[in-house]
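Listed below, chain by chain, are the residues.
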Amino acid sequence: MVVQADRLEWIAKHILPHEPHLRVWLRGLSGIEVDDIVQDTYAILIEADVAHIQSPRAYLFTVARNLVLQHYRRAKIISIVALADFDAQSIMEDAPPVDEVVSARQELARLHATMAELPEKCRDVLVLRRVEGWSQKQVAHHLGVSENVVEKQLARALRLLGRAFGRGGPDQNEVARSETAQHRSIRRHHRPG
C-alpha cells in the first residue's frame, strides 16, 4: 500500500498541475468525451511504473493521445473532421513549459550581458577556453600571453561571473589546480611513444 501512496503523491505533484492543459488540448478534438479520456489517463497512470518517467507532462500527453487514438479506432464511424482535428492538434512533446523557456532565455541574456561587461582579456580567455574548448596552450599562443596569464584570467572571469550570478564564484586556486590537472592529463596522453 505504501507504493500506491507514493505513486498517488507523485501523480498529485507531477501530473495534476498539467491536467488543465490536457483538457484544453482534448477540447480541441472532435468526437471524444474529455472527462472519459482524462479518467482513463489517470487509471493508466495509477498502474504505471513512474520511476522511469523523466518528463511527466510529455508522458501524460502521450498516454492521453494513445487513448484518443484507441477511441478513434474503435468508433464505428470516424469523422474525417475528427481525424483532421487530431492530426492538426500538436501535442507538446518533451518541450519545457513556456515559463521555463522564458526564464532560461532571460538567464542567457543576463549571462551574455555580464560577459560583455568583463574585462576584454578575461572575456577572450573565457570564450576561447570554455565556449570554444581551446587548450590553455592554444589560448596562450593565440593571445600572445603566457599560460599562467590564461589561468589567472580564466579564474578572474569565472569569479566575476560567479559573483554576478550570486554564486560566489570558484576559488582562484581551485581553478588553477583544475587547469593544471587538465594540462598534465593532456601532456600524459600526447607523449610521443
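Residues numbered from 1 in each chain as written. Predicted model: local features only at pLDDT ≥ 70, side-chain atom pairs only at ≥ 80, totals over all residues. Heavy atoms only, no water.

A look at the overall build of the protein chain
Along the backbone of the protein chain there are ten helices and zero strands. N-terminal to C-terminal, the α/β element order of the protein chain is α-α-α-α-α-α-α-α-α-α. Residues counted as buried form 30% of the 193 residues belonging to the protein chain. For the protein chain, contacts bridging at least 24 residues in sequence account for 60% of all contacts bridging at least 6. Accessible area of the protein chain: about 13000 Å², with a carbon and sulfur share of 53%. (Helix = DSSP H or I, 4+ residues; strand = E, 2+ residues; numbered from the N terminus. Buried < 20%, exposed > 50% of the residue type's maximum accessible area, 1.4 Å probe, protein only. Contact = heavy atoms within 4.5 Å. Areas by Shrake-Rupley, 256 points an atom, 1.4 Å probe, with all protein chains shown as cover.)

Examining the pattern of salt bridges
This structure, assessed with the given rule, holds two salt bridges. The closest approach of N and O atoms between Glu 19 and Arg 23, which form a salt bridge, is 2.7 Å. Residue Glu 19 and its partner Arg 23 are located together in helix α2 (residues 19-27), separated by four residues, close to a single helical turn. Of the two residues, Glu 19 and Arg 23, neither departs from the other in class, the shared state being buried. (Salt bridge = Lys/Arg side-chain N within 4 Å of Asp/Glu carboxyl O.)

Side note on the nonpolar core
One finds Leu 22 and Leu 26 to be the most contacted residues of the largest nonpolar core, which totals 22 residues. Of all the secondary structure elements, the ones that give two or more residues to this core are α1 (2-14), α2, α3 (34-47) and α4 (56-74). Ranked by residue count, the leading element in this core is α4, at seven residues. Every residue in contact with Leu 26, bar those within four places of it in the chain, is listed here: Ile 32, Val 34, Ile 37, Val 38 and Val 68. Counting 14 residues, the second-largest nonpolar core is a separate cluster that includes Met 115, Leu 126, Ala 140 and Leu 158. (Core = buried A, V, L, I, M, F, W, Y, C linked by side-chain atoms within 4.5 Å.)

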